[in-house]
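So the chains spell out like this:
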Amino acid sequence: MSRKHLDSIADFRRYGFRLRVECQCGRVRVIEPGDLMVALGRRKNSSRQMALLIPRLRCFECGGRAKYWGPI
């Protein structure tokens, strides 16, 4: 059995995973990696690396940061 390294949003797309993000307020959002890549493509200097991307995500409801994130 092999392990998949999901270090970038492109890795999520390559392996067919979606990104599940849970906010501190309890709101859960499932994001298609292709949609996120398109949104990032419109911005200059936007990293696609998960370690740099996740801290920048904010909740639409409370404005909080991600408490949990992972593949689905």
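Scroll up to find the structure this text is about.
A. Spotlight on the sheet that holds strand β1 (residues 19-23). Across the sheet, which stays open at both edges, the three strands sit in the order β2-β1-β3 with antiparallel pairing between neighbours. Each of the sheet's edge strands pairs with one partner strand only, and the pair in question is β2 (28-31) and β3 (66-71). Strand-to-strand, the axes of this sheet are offset by a mean angle of 20°, without reference to chain direction.

B. Quick look at the pattern of salt bridges. Per the stated rule, a full pass over the model turns up four salt bridges. A salt bridge links Arg18 to Glu32, with the shortest nitrogen-to-oxygen separation between them at 3.9 Å. Linking Arg18 in the loop between α1 (9-15) and β1 with Glu32 in the loop between β2 and α2 (33-41), this pair joins segments that are 14 residues apart in sequence. When its relative accessible area of 34% is taken as the criterion, Arg18 is described as partly exposed.

Calculation rules
- Residues numbered from 1 in each chain as written.
- Predicted model: local features only at pLDDT ≥ 70, side-chain atom pairs only at ≥ 80, totals over all residues.
- Heavy atoms only, no water.
- Pairing = 2+ DSSP bridges.
- Helix = DSSP H or I, 4+ residues; strand = E, 2+ residues; numbered from the N terminus.
- Axes fitted to C-alpha atoms, helices over the stretch in contact; angles between N-to-C directions.
- Salt bridge = Lys/Arg side-chain N within 4 Å of Asp/Glu carboxyl O.
- Buried < 20%, exposed > 50% of the residue type's maximum accessible area, 1.4 Å probe, protein only.

By themselves, these observations are geometric and do not establish any function.
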